[in-house]
Amino acid sequence: MIRTGAGTLAAGSAGERVKLQGWVHRRRDLGGLTFLQVRDRSGVVQVVVRPEDHPEAAAALESVRLEWVVEVEGEVAAREPEAVNSEMATGEIEVIAERAEVLARAEPLPFLPDTPVEEVAEETRLRYRYLDLRRNDLQRNLILRDRITLEILNYFNEHRFVHVETPILTRSTPEGARDYLVPSRVHPGSFYALPQSPQIFKQILMVSGFERYVQIARCFRDEDLRADRQPEFTQVDLEMSFVTEEDIFSIIEGLFERIFPIVGIEAQAPFPRMTYREAMLKYGNDKPDLRLDLEIRDVSEGLAESGFRAFQQTLGAGGVVRGFAIPDGASASRKQVDAWVEIARSRGAMGVLTLRNRDGELEFQVKNVLSDDELARMAAALGLEEGGIGVVVAAQPSIAAAALGELRLAIGAEFDLIRRDENRFLWVTEFPLVERASENERWNSVNHPFTSPMLEDLGLLEGEPGAVRARAYDVILNGVELGGGSIRIHDSALQKRVFGLLGMTDEEAKDRFGFLLEALTYGAPPHGGIALGLDRIVMLMTGARSLRDVIAFPKTTSATSLMTSAPAPVDREQLHELGLEIAARRREPADSDEG
């Protein structure tokens, strides 16, 4: 007899003979009757054990406990109307056990699959991940992930992309994070690196004439602890030859129009576009959530000569006075404002100032420092209406943007201003090509060193590199970055110029990227691409609370596996074969001031 999925049975199955194999989800004993709920991946069905009719089956199931694995054969019967369970998909029928067998016993579990998540410590769930994965919501997430992955590959296949697997063992070419290094036994003293992305290989595939490449790629980054990152992750990686930004936008919008409606999210193309500069000015964030209307505005005009020294000094030093208005927020308490001050300080600002419009009167937080005209101009610039409150930050432009961007999201959530029934896609474009943390530090790539500058900005590359815009773009949904990419440099001479800007000597560039520079001299087509975070996309589609809820075997924020206890020490013999020794780490004194 062929196995039947428990969740596939319905009222129309009555009279059929079936074989169930699964886990005991529930058990109830009522006098001479025993009721079991048997669960498999497809769902749950009730099994009735009647000793007087089928004593052998009853004897086999007499001792079963929760999460034992059983096999049951019997006939599907319709339940009596009063016994129908409307809360079960299979609640109109039950299976009468005629033959049964215990396939595996289970020790008492640290938690059951239907134990509420909040009642089980996450460390426990990750330690016993194989039990955690029995939960319905995790199984649904991973099954949806499977469906989305298949749909993605089908879509790109229909658009003539070739799926190519690129190496996992490659050479170290740091792209912003640390590489995971793999020592070579047959080449002592040399190391492979696990790829942070297939970036260089997919560009070389374009030089090779494949024109359209896609891969569901595993990537690895040895980053410091971050709650929203995993040390290994999956991205939808693609590259196209003979394209502009618009071609990339079109192919991705088409993909999203196909996959997001699977979970009821409409992705209506074309998505709006916004430059990086506009995003930072209006929203203080390069991945703005457009479901929130709070727009940052500049109120600096006319305040440089005001009587308020904080404004005078900030504007005199090249800073700005910027802020936004919160509708119906004039009654905000001192406690709320103090919390906003702390948020602003966490982003480098001195604090926040407030301007209230209450009963037709404008009330600035610092009394008697601004004239009525200055207050009126500030209120008009903020768009501050009756009953509202304006939140203002005076700082250097980058600090003001960071502080107001953080405040905008926090206050939007606090006042329930985010339209959570909407879904807003967005392209952010024209990122800076390079940046540096301070005047004395060298320039670093904002995206990666293979991103093409805007052609009209090439004249600024050596003289004013901080003003050069990149042909880079990110795709955003509801304030979450789904992926990023760029048009690449396909000219070897320009690639050398960019390497030089980043502080690489010709020898260093040749040593690290000589194979790419050489490949670009043999007829490299214009090309560009993008990488989409599959883990993050599925997290948004499922409404999961964490990336860990859409990955089968995730790591903790400290990059450890609690189930397998990885990473773990290895035998000295293994180290000896690799020519490695573990150096003892120097411990700082307990009272050291060093961080």
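The rules behind the values
Residues numbered from 1 in each chain as written. Predicted model: local features only at pLDDT ≥ 70, side-chain atom pairs only at ≥ 80, totals over all residues. Heavy atoms only, no water. Helix = DSSP H or I, 4+ residues; strand = E, 2+ residues; numbered from the N terminus. Buried < 20%, exposed > 50% of the residue type's maximum accessible area, 1.4 Å probe, protein only. Contact = heavy atoms within 4.5 Å. Core = buried A, V, L, I, M, F, W, Y, C linked by side-chain atoms within 4.5 Å. Pairing = 2+ DSSP bridges. Axes fitted to C-alpha atoms, helices over the stretch in contact; angles between N-to-C directions. Patch = residues over 30% accessible without salt bridge, like charges linked within 9 Å, V, L, I, M, F, W, Y side chains within 5 Å. Areas by Shrake-Rupley, 256 points an atom, 1.4 Å probe, with all protein chains shown as cover. Salt bridge = Lys/Arg side-chain N within 4 Å of Asp/Glu carboxyl O. Lys, Arg positive; Asp, Glu negative; His and termini not counted. Charge placed at Lys NZ, Arg CZ, Asp CG, Glu CD.

Engineer: Help me understand the overall build of the protein in this model?
Structural biologist: Scanning the protein for helices and strands turns up 15 helices and 22 strands. Taking the principal axes of the C-alpha coordinates as reference, the protein spans close to 95 × 75 × 60 Å. Each of the 595 residues in the protein was classed as buried or not, and the buried ones make up 45%. Across the protein, every contact between residues at least 6 apart in sequence was considered, and the portion connecting residues at least 24 apart equals 68%.

Engineer: I keep staring at the nonpolar core and nothing clicks. Help me out?
Structural biologist: Proteins that are soluble and globular tend to have nonpolar side chains buried together. F156, F256 and F260 are the most contacted members of the largest nonpolar core, which has 40 residues in total. It is helix α6 (residues 245-259) that contributes the most residues to this core, seven residues altogether. Formed by 23 residues, the second largest nonpolar core is a distinct cluster that contains L294, I296, V391 and V393.

Engineer: What exactly am I supposed to notice about the sheet that holds strand β2 (residues 33-40) here?
Structural biologist: Strand pairing in a sheet takes place through backbone hydrogen bonds and is either antiparallel or parallel in direction. Strand order in the closed barrel formed by five strands is β1-β2-β3-β5-β4, with mixed pairing between adjacent strands. The average angle at which neighbouring strand axes cross in this sheet is 55°, direction not considered. As judged from the seven bridges shared by β2 and strand β3 (residues 43-49), these two strands associate in the antiparallel manner. From the neighbouring strand, T34 faces β3, where its bridge partner is V49.

Engineer: Quick question: what am I supposed to make of a negative patch on the surface here?
Structural biologist: A surface patch of like charges, here negative, comprises D359, E361, D372, D373 and E386. Relative to the helices and strands, D373 is located in helix α10 (residues 372-382).

Engineer: Looking at this structure, how should I read the side chain of R79?
Structural biologist: Mapping R79 onto the fold places it in the loop between β4 (69-78) and β5 (93-104). Notably, R79 is buried but unbridged: the nearest opposite-charge side chain belongs to E94, and the N-O separation is 4.0 Å. In contact with R79, not counting residues within four places along its chain, are Q46, V84, N85, M88, T90, G91, E92, I93 and E94.

Engineer: Help me understand the pattern of salt bridges in this model?
Structural biologist: Pairs can form between side chains of opposite charge whenever their charged atoms are close. Across all of its chains, the model carries 42 salt bridges by this definition. Between R334 and D338 there is a salt bridge, with its nearest N and O atoms 3.2 Å apart. In this pair, R334 and D338 are both assigned in helix α9 (residues 334-346), four residues apart and thus about one turn of the helix distant. For R334, a relative accessible area of 64% gives the class exposed.

Engineer: What should I look at first to understand the environment of S306 in this one?
Structural biologist: With respect to the helices and strands, the residue S306 is situated in the loop between β12 (297-298) and α8 (309-316). What makes S306 buried here is its relative accessible area of 1%. As for S306 and I411, which are separated by 105 residues in sequence, their C-alpha atoms are 28 Å apart. Contacts of S306, omitting those with residues within four sequence positions, involve F311, Q312, L370 and E374.

Engineer: Could you clarify how one ought to interpret the pairing of strand β9 (residues 212-220) in this entry?
Structural biologist: Side-chain positions along a regular strand alternate between the two faces of the sheet. Bridge analysis of strand β6 (residues 162-163) against β9 gives two bridges, and the strand direction is parallel. The partner of H163 across the bridge, within β9, is V214. The pairing of β9 with strand β10 (residues 232-241) spans nine bridges and is classified as antiparallel. Opposite A217, over in β10, you have Q235 as the bridge partner.

Engineer: Looking at this structure, I do not really get the sheet that holds β12. What am I missing?
Structural biologist: Across the sheet, five strands lie side by side as β12-β13-β16-β14-β15; this open sheet has antiparallel pairing. Only two strands of the sheet have a single neighbouring strand rather than two, namely β12 and β15 (361-364). When strand β14 (residues 353-358) meets strand β16 (residues 389-395), the two strands line up antiparallel, connected through four bridges. For T354, the partnering residue across the bridge sits in β16 and is V391. On the sheet, α8 packs against β13 (320-326), β14, β15 and β16 and is oriented at approximately 125° with respect to β13. Along the sheet, helix α11 (residues 397-414) contacts β13 and β16; its crossing angle with β16, the most-contacted strand, is approximately 155°.

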